[in-house]
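If you want the building blocks of each chain, they are given just below.
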Amino acid sequence: AVVSTQSTGVHLHCVSVTCVYIAVKLQEEQQYIPDLRNLMDATTKTELRAPCYNASDVLRMERRVLDKLEWDLNPVTPLIMLELVCTAVYIVYYTLYSV
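Attention here is on the structure that accompanies the text. (Residues numbered from 1 in each chain as written. Predicted model: local features only at pLDDT ≥ 70, side-chain atom pairs only at ≥ 80, totals over all residues. Heavy atoms only, no water.)

What about the nonpolar core?
Cys-14, Val-17, Leu-36, Met-40, Tyr-53 and Val-58 are the most contacted members of the largest nonpolar core, which has 13 residues in total. Looking at this core, the elements with two or more residues in it are α1 (5-27), α2 (36-44) and α3 (55-68). Ranked by residues supplied to this core, first place goes to α3 with 5 residues. Setting aside anything within four residues of it in sequence, one finds Met-40 in contact with Val-17, Tyr-53, Asn-54, Ala-55 and Val-58. (Core = buried A, V, L, I, M, F, W, Y, C linked by side-chain atoms within 4.5 Å. Buried < 20%, exposed > 50% of the residue type's maximum accessible area, 1.4 Å probe, protein only. Helix = DSSP H or I, 4+ residues; strand = E, 2+ residues; numbered from the N terminus. Contact = heavy atoms within 4.5 Å.)

Quick look at the structure:
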């Protein structure tokens, strides 16, 4: 199937806004999560035209992204493992050598 560059760009922008929205919802306290429409407005201020998608498109895309990730939003990464190891070393060191 042939996909036009324009539709790919629109979908890419929708996916990027969706991923930012998911990340904000995961990292921020409930009262600091922006309204989806405000987030969409903030991400399109640099564009000369309005986006070709709306809030319901972003919510549908959110579902598709989460389905593709199999709802696994907290995978163990090398950085997380490094933090755990450093914390364990710190605890052991200060347990053994504290005065």
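Examining the packing of aromatic side chains
For any pair of aromatic rings, geometry is given as the distance between the ring centres together with the angle between the planes. Inspection of every chain in the model, using the stated rule, returns 3 aromatic pairs. Seen from their ring centres, Tyr-93 and Tyr-94 are 5.1 Å apart, and the 85° between their planes marks the pair as edge-to-face. On the basis of relative accessible area, Tyr-93 is assigned to the partly exposed category, the value being 45%. When the centroid spacing of 5.0 Å and the interplanar angle of 45° are considered together, the rings of Tyr-93 and Tyr-97 count as tilted. In this pair, Tyr-93 and Tyr-97 both sit in helix α4 (residues 78-97), 4 residues apart, roughly one turn of the helix. Residue classification places Tyr-97 among the exposed residues on the basis of a relative accessible area of 56%. One aromatic cluster is present, formed by Tyr-90, Tyr-93, Tyr-94 and Tyr-97 through successive ring pairs. (Phe/Tyr/Trp six-rings, centres within 6.5 Å; stacked < 30°, edge-to-face > 60°.)

Section: α3
Relative to the 20 Å expected for 14 residues at 1.5 Å per residue, α3 spans 20 Å between its end C-alpha atoms, a close match to the ideal helical length. Listed in full, the buried residues belonging to α3 are Ala-55, Val-58, Met-61, Glu-62, Val-65 and Leu-66. Looking down the long axis of α3, one finds its buried residues gathered within 135° of arc, a one-sided arrangement. Among the exposed residues of α3, those oriented more than 90 degrees off its buried face are Arg-60, Arg-64 and Lys-68. One or two positions beyond α3, positive phi appears at Glu-70, with a value near 55°. (Expected span 1.5 Å × (residues − 1). Arc of directions from axis to C-beta.)

Some points on the environment of Lys-25
Residue placement: Lys-25 occurs in helix α1. The contact partners of Lys-25, leaving out residues within four places of it in the chain, are Ile-33 and Glu-62. Side-chain polar atoms of Lys-25 contact the side chain of Glu-62, separated by 2.6 Å. (Polar contact = N/O pair within 3.5 Å; in protein donor to acceptor, adjacent residues only side chain to side chain.)

The values reported here are purely geometric and, on their own, carry no functional implication.
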